[in-house]
Amino acid sequence: MFKTRALATLFIWLALTGVPRAETGLSQRQWVVSLVEALGWSFGLPDNPQDLDYHRLLDGSRQWRIEGEESFQPGDAVSVKTFETFGPYSGSGWLNGLSGRTSATLRFLLPHGGRYRLSAALRRPGHRITLVGRTWEADGPLEFGRVVLGEVELIAGMQEVLIDLPPDGSFDYLELSAPEQSLIEPLGGWRFEQSLAAEALALSVIQLLQLESVLPPTPESFIIEAEDAVFRQGAEPTEVRLLGEPSGRLWLRAGNLAGEIRLDFSLPRPGIWTLSLRGAGETPIPARLDERRTLNYPSPGYLQERALASVLLAEGNHSLQLQLPPRTGVDYLRLDRRASQGEDYRRLVGLPTEGALPDPTQIDRLLALLAAIGAPR
């Protein structure tokens, strides 16, 4: 449904744009700043944002670690310690309380809103942690240990966390974790000082609206057989055909315990590739692409190919890490290249395949349309 609405938006854009008239001289920074403001994402920016702040908004990561020694406030009755008597710690130090109960207030900027899973690294039982009106009681071990608190819905912007420490309690960090959002970035990253090319504009719109899978397929395709995985643990090759015929003679399957495999592959050229997995099992299989993007295979009851994602990938080596729940297995990973030339991006978003960029008025119309349709972020 979302992709249908997004394509309708682009058709309207095409009708409004017509033929571009002149180069705009728009920089990549100006485009990114305009995009962030039009979509209402500026709540996740500091008062005087730097380039890195915009990168954090567009890379889609929602894994944040809030170090206590960096975020507590002057006047908090805690001290910063750096010794490892109670085990290793994160960052440059940790917070230690007094002989009685005391508290510290952490303030930090959250770039992305959403539902987050909270964890904290603590020492000693009896901690209380309060965020957006909710309080979690948490008992740490006698040495630093990570404690899962629960989940909470947060909006982007400045956050304040009250850490109530027990007598002689210690706090290392608060961790917030949520699934990644789509990456909005050309290959090689943004070069904010450079002028904005039509291809980069078009690609960012495609990534924003998650239209990669709408690009036409090409004949370029290849398969990585799971049984050829160099790294595998707790998963063994099997000839079992009760769940379907494997593509080769074998497929990999975990037994009564969980397993892990890594499928390595090398791409002959950069572009947008669709990754599909063929497997089977009783439980979904979480996957991690290049240790950066989380994907998920639903694990049907019999061997079946399902698309994981269509993503922009650089030429060269990549990996897909798969955590196999008990009695799940994988037959192969399939990669299909989609049309990924500059003219393909421009055509999909309604720009002429050759010629100048839209003028400022036309870009304003595009931003208004993107803001109206919204983005799943």
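Before any of the text, the structure's been laid out above.
So, a few notes on the structure that sits alongside this text. Treat the numbers as computed from the prediction; the structure is a model and nothing was measured.

On to the pairing of strand β20 (residues 316-324). Along β20, seven of the nine residues are buried, which leaves the element largely enclosed by surrounding structure. Relative to β20, strand β15 (residues 259-267) is paired through nine bridges, and the arrangement is antiparallel. Counted as the bridge partner of L267 is G316 from β20.

Okay, the packing of helix α2 (residues 28-38) against helix α3 (residues 51-58) next. Between α2 and α3, the least distance of the axes is 11 Å, while the angle of their chain directions is 55°. One element, α2, and the other, α3, form an angle in the oblique class. In this structure, α2 meets α3 at a crossing whose hand is left-handed. Taking contact as the criterion, the partners of R29, V32, V33 and V36 in α2 are, on α3, D51, Y54, L57 and L58. Looking at the contact of α2 with α3 residue by residue, the classes come out as six nonpolar, no polar and two charged.

Below, the discussion takes up the sheet that holds β20. What the five strands build is an open sheet, ordered β12-β15-β20-β17-β18; its pairing is antiparallel. Strands at the two margins of the open sheet, each flanked by one partner only, are β12 (231-233) and β18 (293-297). In this sheet, adjacent strand axes meet at a mean angle of 20° when their direction is disregarded. The pairing of β12 with β15 spans three bridges and is classified as antiparallel. Bridge pairing in β15 links Q233 to E260.

Here the largest pocket is characterised by a volume of approximately 460 Å³. As for the largest pocket, its lining consists of 24 residues, and the residues nearest its centre are L183, R292, R293, L312 and L313. Within the residue set of the lining of the largest pocket, elements represented by two or more residues are β17 (285-289) and β19 (304-313). In terms of residues, the lining of the largest pocket owes the most to one element, β19, which gives three residues. Its residues assigned to classes, the lining of the largest pocket shows eight nonpolar, eight polar and eight charged.

Within this structure, the stated rule accounts for six aromatic pairs. Taking 5.2 Å as the distance between ring centres and 85° as the angle between the ring planes, the aromatic pair formed by F83 and W94 counts as edge-to-face. Of this pair, F83 sits in the loop between β2 (79-81) and β3 (94-96) while W94 sits in strand β3; the two residues are 11 residues apart in sequence, bridging distant segments of the chain. Look at F83 and you get partly exposed, because its relative accessible area is 38%. Plain terms: the ring middles of W94 and F144 are 5.2 Å apart, the flat faces sit at 75° to each other, and that makes the pair edge-to-face. One end of the pair, W94, is in strand β3; the other, F144, is in the loop between β7 (134-138) and β8 (145-154), and 50 residues separate them in sequence. Exposure remark for F144: the relative accessible area of 16% places this residue in the buried category.

Glancing now at unusual backbone geometry. One non-glycine residue, E291, adopts positive backbone phi at about 55°. With respect to the helices and strands, E291 occurs in the loop between β17 and β18. A relative accessible area of 69% means that E291 is categorised as exposed.

Turning our eyes to something else, we now look at helix α5 (residues 198-208). Three- or four-residue spacings in an α-helix give side chains the same orientation, since the helix completes a turn every 3.6 residues. For α5, the tally of buried residues reaches 10 of 11 residues, placing the bulk of the element in the interior. Among the residues trailing α5, Q210 stands out with phi positive, at a value near 55°.

Moving residue by residue along a regular strand, the side chains alternate between the two faces of the sheet. Counting buried residues along strand β21 (residues 329-338), nine of its 10 residues qualify, which places the element largely inside the surrounding structure. Bridge analysis of strand β11 (residues 217-225) against β21 gives six bridges, and the strand direction is antiparallel. Looking at β21, one finds that S221 is bridged to D336. Where strand β14 (residues 251-254) meets β21, two bridges bridge the pair, whose relative direction is antiparallel. In the strand pairing of β21, L252 is matched with V330.

Now for the pattern of salt bridges. For the structure on display, the rule yields 21 salt bridges. The partner of R327 in a salt bridge is E282, and the shortest N-O contact between them spans 3.5 Å. Separated by 45 residues along the polypeptide, R327 in the loop between β20 and β21 and E282 in the loop between β16 (271-280) and β17 bring together distant segments of the chain. When its relative accessible area of 58% is taken as the criterion, E282 is described as exposed.

Turning our attention to the sheet that holds β7. An order of β4-β9-β6-β7 is seen for the four strands of this open sheet, with the pairing classed as antiparallel. Every interior strand has two partners, whereas the edge strands, β4 (102-110) and β7, have only one. Mean inter-strand twist for the sheet, computed between neighbouring axes without regard to direction, equals 20°. Here strand β6 (residues 127-131) pairs with β7 via five bridges, running antiparallel.

What counts, and where the lines are drawn
Residues numbered from 1 in each chain as written. Predicted model: local features only at pLDDT ≥ 70, side-chain atom pairs only at ≥ 80, totals over all residues. Heavy atoms only, no water. Buried < 20%, exposed > 50% of the residue type's maximum accessible area, 1.4 Å probe, protein only. Helix = DSSP H or I, 4+ residues; strand = E, 2+ residues; numbered from the N terminus. Pairing = 2+ DSSP bridges. Axes fitted to C-alpha atoms, helices over the stretch in contact; angles between N-to-C directions. Parallel < 35°, antiparallel > 145°, perpendicular 65-115°, else oblique. Left-handed = near helix turned anticlockwise from the far one by under 90°. Contact = heavy atoms within 4.5 Å. Nonpolar A, V, L, I, M, F, W, Y, C, P; charged D, E, K, R; others polar. 1 Å grid on protein atoms, 1.4 Å probe; cavity = no way out; pocket = protein on both sides within 12 Å on 5 of 7 lines; lining within 4 Å. Points joined across faces, edges and corners; volume = space filled by probe spheres on them. Phe/Tyr/Trp six-rings, centres within 6.5 Å; stacked < 30°, edge-to-face > 60°. Salt bridge = Lys/Arg side-chain N within 4 Å of Asp/Glu carboxyl O.

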